Amino acid sequence: MNFEQLLNPQQLAAVMHPGGPMMIIAGAGSGKTRVLTYRIAKLMLDGEDPFGILALTFTNKAAREMQERIAGVVGESEARNIWMGTFHSVFAKILRREAGRLGYPTNFTIYDTEDSQKLIRNIIKEMKLDTEIYKPKQIASRISIMKNSLITPRVYKNTVELLEQDMLAKRPEFLQVYINYNERLFRAGAMDFDDLLLKTNELLAKFPDVLMKYQRQFRHILVDEYQDTNHSQYLIIKALGDLHRNISVVGDDSQSIYSFRGANIQNILNFKRDYPEAEIYKLEQNYRSTKMIVGAGNSLISKNKMRLDKTLWTSNEEGEKIKVVSTLSDADEARFIADDIAETHLKQHAAYSDFAILYRTNSQSRALESALRTYNIPYRIYGGLSFYQRKEIKDVLAYLRLIVNEKDEEALRRIINFPSRKIGATTLDKLNVLAGQHHRSLFEIIEHIDTRGAAAFNGPTRRRLRDFALKIRSLQVMAEKLNVYELTKELIKSVGLLEAYRKEGTQEAANRIENIEELINAMSEYVEEQRELEDGDPSLTGFLQQVALISDLDQEPENHNVVTLMTIHMSKGLEFPYIYISGLEENLFPSPLTLTTREDLEEERRLLYVAITRAKKRCTLTYARMRYRWGHLYDTEPSRFLDEIDEKYLERTDLTTRTSHLLDADIFDETPAYPKSKPTGNVNSGFSKTIRPKNLKRLQDARSTQSAVKIDLQKGDRVRHARFGSGTVLEVNENGQDSKAKIKFDHTGTKTLILRFAKLEKL
DNA sequence: TCATTGGGCTTTTTT
DNA sequence: AGCCCAATGA
């Protein structure tokens, strides 16, 4: 491996760093993923055990991609063993292993934001507090901040400032809500997102032998996007890295945009103080963007006071100026963008996937979506309400959760009366009181309803409750024999979930049914994939954990040639030749909710910086003079940020004087030029409807012909796989029923498949 | 217990 | 404008 040829001197120095703490300050587009990848590869080429390397990334997708790139250097079987993933997924894994130490069951549930908020709302109501003062969302957010700062109720109680804050805000019971919330989580055998980090800290602090074990194991710790770590994550790294002190962090203070979820920019600014012996490497050459784009970004970010000293530069071509376009309304803005994409697509032969439209808030996507539809431009929206957050999907998952962990209170509440079992709010309230008195889970109370507090319920209600408990128990028995896919099909049938929607007969209900069918397909794919992969985990717990920590970005779109729409937050780490940033208006970007402190405004500025630096060739900023919000049309002012970029990088276009007639004419003139492709429809789901029938069929085939299909494979053969695409056989391992083949797929990476299950087609 | 209706609130960003 | 929730009546 000749690193000298692959890297510039600064990158090379970072890759070759001998050991001990190091920090890489990597400007946008300066090849930080490249450096991280090669650094890990280099460690392994030097003989480091992959199990001893802990690499923490921001998204699952980033982890997957890095793993694949490392596999390209050191081989897949080695790369697979690196501990790589998001903080949440890696430590969920460790917590499951050590759950007993903390008194949690191994199969603990992970509560998502919605579960947490519902629980908090319930607690507030039970305590008979005013939800106007104790707003569940605000309380949830404050608890989250506390957890991420490792302020447990015990610490909280002894911190005068915090108690004073509560007095001032007239919510003296906050601490009690916090205590009850934790109590209820524990009783439900559940952890929220923040607990995954907090409990990891607790585990490492309370059990020196556990700490020692993982300290010894992780000889090297690497952290990507260090500027976005919170205090809780910071402490985990500090604890785990304390023995070997081989901590490598990579980040860019100018791209810190997650303070709202507790990210602490001080972590990166103070690294040198925590590790005085640390080496600092700076990557300042940008390989992504034109001189104009880099210049505009620098000029904007220089307005920030809190930053580490660095200047991004590039030897790329000069490029076009940043376009600043004003339109009359948000609809016109969307139309302009769609029109511009259509034109560039035609004239520059740019693929649709070369474009991304970014915005500050998810709600801005509507107008853009409708314009793209009109132009027949295929697109995919990321974020917003993701597939797994939909009500009907969460209902099905709630049944599964309850099967795995019957103490899961939020899961139980969701489905105890859906479909209707005539168990209503009154009954649930009484159960809840009993659960509190006996310090038992709701399910335990229900199951023993005849012996405990039977007097409180009438005969029919008791019978209904007993029936429900029996139903869950019988599903649990089923779960021992069936895989996720089979189990879900059975449970939907036996519970009558689809019938409940069919009875409604509305379009909305029909959509829900479709979504549930899509979920079943996703499961069939999951089961199939886990069975084909040598190291697959087909367990129900495994599936639920994966679903809980999945993010929208992790879902591969089935059609790759589409325009991308997402918030700026989600776009971090990505790049596109053509970027549109929409809604550069006061009270939108910067957001009015952030204008209280200078720090907040600086974060908004960094956000725009991140957006601009996503662009490789061309960057277009747009704003409208009127915008629909909350059902009304409001006048707007251009964003202050537009005046903070040096004019010499800008080219301003005013479309406010000639809007509709011109743009409308364009639509009618040009529409025929585009193929009559259907609008992409429900692109937000993450799962294509069109693949459904095929998938179901494929799974059935898989069952009936499991051992019949047998192909002789040899090294070098070209094969095709239904999901992974085409690839080349690297290695065949003949071993009768367990024969495996290692295949390098052209687009989806290298995987080892079990031939008995994998349906490969020889090309 | 369920269905309907009207009122209020929303839109900051996410693992 | 749309969604969620609480209150109301059956």
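This one's a predicted model, so the numbers in the text were calculated from it and none came from an experiment.

Q: Which parts of the structure should I look at to understand the protein's contact with DNA strand B?
A: Near DNA strand B you find 26 residues, and of these Arg360, Asn362, Ser363, Ser420 and Leu593 are the closest. Near the protein, meaning within 4 Å, the atoms of DNA strand B are sugar or phosphate in a fraction of 51%, with bases accounting for the rest. Within the side chain of lysine 137, an N or O atom sits 3.0 Å from a phosphate oxygen of DNA strand B. Serine 363 is positioned such that a nitrogen or oxygen atom in its side chain is 2.9 Å from a base oxygen of DNA strand B. Listing elements by their share of the surface near DNA strand B, those giving two or more residues are α22 (425-438) and α29 (568-571). Residue contributions to the surface near DNA strand B peak at three residues, all from α22. Split by residue class, the surface near DNA strand B holds seven nonpolar, 15 polar and four charged.

Q: Honestly, the confidence of the model for chain A in this entry has me stumped. Any pointers?
A: When pLDDT drops low, the exact placement of atoms in the prediction is not to be read closely. Taken as a whole, chain A shows an average pLDDT of 86; of its residues, 91% reach a score of 70 or greater. Of the regions scoring below 50 in pLDDT, residues 659-710 engages in 79 contacts with residues more than four places distant in sequence or in other chains.

Q: Before we go on, may I ask you to explain helix α11 (residues 174-187) in this structure?
A: Owing to its 3.6 residues per turn, the α-helix aligns residues three or four sequence positions apart on the same side. For α11, which comprises 14 residues, the first-to-last C-alpha distance of 20 Å matches the rise-based estimate of 20 Å (1.5 Å per residue) to within 8%. For α11, the full list of buried residues reads Phe174, Leu175, Val177, Tyr178, Tyr181, Arg184, Leu185 and Arg187. Just beyond α11, the residue with positive phi is glycine 189, at close to 60°.

Q: Which parts of the structure should I look at to understand the protein's contact with DNA strand C?
A: Neighbouring residues of DNA strand C: Arg121, Lys125, Trp630 and Gly631. Within the side chain of lysine 125, a nitrogen or oxygen atom sits 2.5 Å from a phosphate oxygen of DNA strand C. Of the residues assigned to the surface near DNA strand C, the class counts are one nonpolar, one polar and two charged.

Q: Before we go on, may I ask you to explain the layout of surface pockets in this structure?
A: To find the voids left in a structure, one rolls a probe of water-molecule size over its atoms. Estimated volume of the second largest pocket: approximately 520 Å³. Looking at the second largest pocket, it is lined by 22 residues, and the ones nearest its centre are Thr152, Leu198, Lys199, Glu202 and Lys206. For the lining of the second largest pocket, the secondary-structure elements that each account for two or more residues are α9 (153-157), α11, α12 (193-206) and α14 (231-241). With eight residues, the top contributor of residues to the lining of the second largest pocket is α12. Of the residues belonging to the lining of the second largest pocket, the class tally is twelve nonpolar, three polar and seven charged.

Q: How should I be thinking about the side chain of arginine 605 in this particular structure?
A: Structurally, arginine 605 can be placed in helix α30 (residues 598-612). Setting aside chain neighbours within four positions, we find arginine 605 in contact with Leu300, Lys303, Asn304, Phe641 and Glu644.

Q: Where do I start with the sheet that holds strand β2 (residues 53-57) in this structure?
A: In a beta sheet, neighbouring strands pair by backbone hydrogen bonds and run either parallel or antiparallel. Strand order in the open sheet made by the six strands is β3-β2-β6-β7-β1-β8, with parallel pairing throughout. Since the sheet does not close on itself, it has two edges, and those belong to β3 (83-86) and β8 (279-283), each with one partner. The average angle at which neighbouring strand axes cross in this sheet is 15°, direction not considered. Bridging between strand β1 (residues 22-26) and strand β7 (residues 247-251) involves four bridges; their strand directions are parallel.

Q: Explain the pattern of salt bridges to me, please; I cannot follow it from the model alone.
A: Opposite charge on two side chains allows them to pair when their charged atoms are near. Under the definition given, this model contains 60 salt bridges. Ionic pairing is found between lysine 199 and glutamate 202, a salt bridge with its closest N-O pair at 3.4 Å. One end of the pair, lysine 199, and the other, glutamate 202, are both in helix α12, three residues apart, so they sit about a helical turn from each other. Given the relative accessible area of 24%, glutamate 202 is considered partly exposed. Between arginine 512 and glutamate 392 there is a salt bridge; the shortest N-O distance is 2.5 Å. On the criterion of sequence distance, the pair formed by arginine 512 in helix α27 (residues 507-532) and glutamate 392 in helix α20 (residues 391-404) is long-range, its members being 120 residues apart. Using a relative accessible area of 4% as the deciding quantity, one classes glutamate 392 as buried. Salt bridges sharing partners connect three or more residues here, namely Asp112, Glu114, Asp115, Lys118, Lys394, Asp395, Arg401, Asp408 and Arg414.

Conventions used here
Residues numbered from 1 in each chain as written. Chains lettered and ligands numbered in written order. Predicted model: local features only at pLDDT ≥ 70, side-chain atom pairs only at ≥ 80, totals over all residues. Heavy atoms only, no water. Near = heavy atom within 4 Å. Polar contact = N/O pair within 3.5 Å; in protein donor to acceptor, adjacent residues only side chain to side chain. Helix = DSSP H or I, 4+ residues; strand = E, 2+ residues; numbered from the N terminus. Nonpolar A, V, L, I, M, F, W, Y, C, P; charged D, E, K, R; others polar. pLDDT = per-residue confidence, 0-100. Contact = heavy atoms within 4.5 Å. Expected span 1.5 Å × (residues − 1). Buried < 20%, exposed > 50% of the residue type's maximum accessible area, 1.4 Å probe, protein only. 1 Å grid on protein atoms, 1.4 Å probe; cavity = no way out; pocket = protein on both sides within 12 Å on 5 of 7 lines; lining within 4 Å. Points joined across faces, edges and corners; volume = space filled by probe spheres on them. Pairing = 2+ DSSP bridges. Axes fitted to C-alpha atoms, helices over the stretch in contact; angles between N-to-C directions. Salt bridge = Lys/Arg side-chain N within 4 Å of Asp/Glu carboxyl O.

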